[in-house]
Amino acid sequence: MRVKNYLLQFHVYLGLFCTPYLLIFALSSLSFNHISLKEEFTPVKSEKLAITLNKESFNTPRELGEALRDSLQLMGWFIPWESHIDSSGFLVNVRNLGRDFRMTGTWGIPEIELTTNSTRFISRLKGLHGLHEKIPGAPWWINGWGLYQDLTVYSLLFWVLSGIYLWWISKSRSKSSAFWLIGSLSMSFILMTYLWLAG
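These remarks concern the structure in this document. Note that residues are indexed from 1 along each chain, following the sequence as it is written. In keeping with the predicted nature of the model, local features appear solely for residues at pLDDT of at least 70, side-chain atom pairs appear and are counted solely at 80 or more, and the whole-chain, interface and lining totals rest on all residues. To get the side-chain values, all heavy atoms of the structure are used, and hydrogens and water are removed first.

## Regarding the overall build of the protein
Here is step 1 of the chain: Broken down by element type, the protein carries six helices and six strands.
Here is step 2 of the chain: Written out in order from the N terminus, the α and β elements of the protein read α-β-α-β-β-β-β-β-α-α-α-α.
Here is step 3 of the chain: Judged by the C-alpha coordinates and their principal axes, the protein covers about 80 × 40 × 30 Å.
Here is step 4 of the chain: The cut-offs for exposure are 20% and 50% of the maximum accessible area for each residue type, with area from a 1.4 Å probe on protein chains only; residues under the lower value are buried, those over the upper are exposed, and the others partly exposed. A burial count over the protein gives 31% of its 199 residues as buried.
Here is step 5 of the chain: Under the counting rule used here, the positive set is Lys and Arg, the negative set is Asp and Glu, and His together with the chain ends is not counted. Lysine's charge is taken at NZ, arginine's at CZ, aspartate's at CG and glutamate's at CD. Measuring between centres, the 18 positive side-chain charges of the protein sit 20 Å from its 14 negative side-chain charges. The secondary structure listing takes helices from DSSP runs of H or I that are at least 4 residues long and strands from runs of E that are at least 2 residues long, numbered from the N terminus.

## Some points on the packing of aromatic side chains
Here is step 1 of the chain: Ring pairs are drawn from Phe, Tyr and Trp, using the six-membered ring of Trp, whenever the two centres fall within 6.5 Å, and their geometry is named by plane angle: stacked under 30 degrees, edge-to-face over 60, tilted for the rest. Applying the stated criterion across every chain yields a total of seven aromatic pairs.
Here is step 2 of the chain: Judged by centre distance (5.1 Å) and plane angle (50 degrees), the ring pair of F90 and W107 falls under tilted. With F90 in strand β4 (residues 89–95) and W107 in the loop between β5 (99–106) and β6 (112–119), this residue pair connects regions lying 17 residues apart in the sequence.
Here is step 3 of the chain: Exposure remark for F90: the relative accessible area of 6% places this residue in the buried category.
Here is step 4 of the chain: When the ring of W145 is compared with that of Y148, the centres are 5.3 Å apart and the planes differ by 50 degrees; the resulting orientation is tilted. Residue W145 and its partner Y148 are both found in helix α5 (residues 145–169); the two are separated by three residues, about one turn of the helix. In this pair, the class of W145 matches that of Y148, namely buried.
Here is step 5 of the chain: The structure contains a cluster of three or more aromatic residues connected by ring pairs, namely F17, Y21, F25, W145 and Y148.

## Description of the side chain of S162
Here is step 1 of the chain: Along the chain, the position of S162 falls in helix α5.
Here is step 2 of the chain: In this structure S162 comes out as buried when scored by relative accessible area, which is 4%.
Here is step 3 of the chain: Residue contacts are defined here by distance: any two heavy atoms, one from each residue, within 4.5 Å place the two residues in contact. Setting aside residues no more than four positions away along its own chain, S162 makes contact with L7 and H11.

## So, the pattern of salt bridges
A side chain of one charge can pair with a side chain of the opposite charge when the charged atoms of the two come close.
Here is step 1 of the chain: A side-chain nitrogen of Lys or Arg and a carboxyl oxygen of Asp or Glu constitute a salt bridge if their distance falls within 4 Å. For the coordinates displayed, the defined rule picks out six salt bridges.
Here is step 2 of the chain: Between R95 and E82 there is a salt bridge, with the nearest N and O atoms lying 2.7 Å from each other. Of this pair, R95 sits in strand β4 while E82 sits in the loop between β2 (77–78) and β3 (84–85); the two residues are 13 residues apart in sequence, bridging distant segments of the chain.
Here is step 3 of the chain: Assessed through its relative accessible area of 13%, R95 is described here as buried.
Here is step 4 of the chain: Sharing partners across several salt bridges, the network here consists of E82, R95 and D100.

## Comments concerning the pairing of β5
Here is step 1 of the chain: Two strands qualify as a pair provided DSSP detects at least 2 bridges between them. Across seven bridges, β4 lies against β5 in antiparallel orientation. Paired with V94 across the strands is F101, a residue of β5.
Here is step 2 of the chain: Once β4 ends, the chain turns through three residues before running back antiparallel as β5.
Here is step 3 of the chain: With seven bridges joining them, β5 and β6 adopt antiparallel strand pairing. Counterpart to F101 in the pairing with β6 is T116.
Here is step 4 of the chain: Taking the residues that link successive antiparallel strands as the turn, the β5-β6 hairpin has five residues, and the phi of G108 there is positive, at about 95 degrees.

## Remarks on the packing of helix α1 (residues 2–33) against α5
Here is step 1 of the chain: For helices, the fitted line uses only the C-alpha atoms of the stretch in contact; every axis is such a line through C-alpha atoms, and the angle between N-to-C directions lies from 0 to 180 degrees. Close contact between α1 and α5 brings their axes to 8 Å; oriented N to C, the two are set at 140 degrees. Taken together, the axes of α1 and α5 lie oblique to each other. You can see that α1 and α5 cross each other, and the crossing is left-handed.
Here is step 2 of the chain: Throughout, the ten residues Ala, Val, Leu, Ile, Met, Phe, Trp, Tyr, Cys and Pro are labelled nonpolar, Asp, Glu, Lys and Arg are labelled charged, and all others, Gly among them, are labelled polar. Here the contact of α1 with α5 is built from residues that sort into 19 nonpolar, seven polar and one charged. Oblique is the label for any angle not under 35 degrees, not over 145, and not in the 65 to 115 range, which are roughly parallel, roughly antiparallel and roughly perpendicular in turn. Crossing chirality is assigned from the near helix's rotation relative to the far helix, an anticlockwise turn below a right angle marking it left-handed and a clockwise turn marking it right-handed.

As structure tokens, then:
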């Protein structure tokens, strides 16, 4: 009985530990399933910064974008499909979950224009939905999100298995609850098998 009580308490606290991620997972799923919640950017500010750049120092837009990101202490990924370099100037984009940084300039002029845009709150949640890799330039506590995701997944597995065990040893379990459990497991297995076979 003591083991059951400890397991029940642990089961409850694991549920509380996983609640923030499950809420983010549920809300971000709305962004994937509804066109009305598509990603949009809102202009925040635009400023000119004194920076001298030499075209011969950068062979690709990525080299330039990452160099500007690091020198300006920005946080985010270089966006190659929205960046380019030509003979007269450049445009590079760096983006994280909450901000979009657009940097433009002309070779020979010692300044660049930095335009900062903000994403919608639901878009930030959508980014957290599947974020596992580290964000370049981000502090450790932000990049620790991937570890929290992994811990949540393992906790959910134990949560489910311990819940089934607690249900199994419960004297109040009914045949109808067994039907729903077996039915939901069967439907999940059939759906995953179909998706795997269908590619």
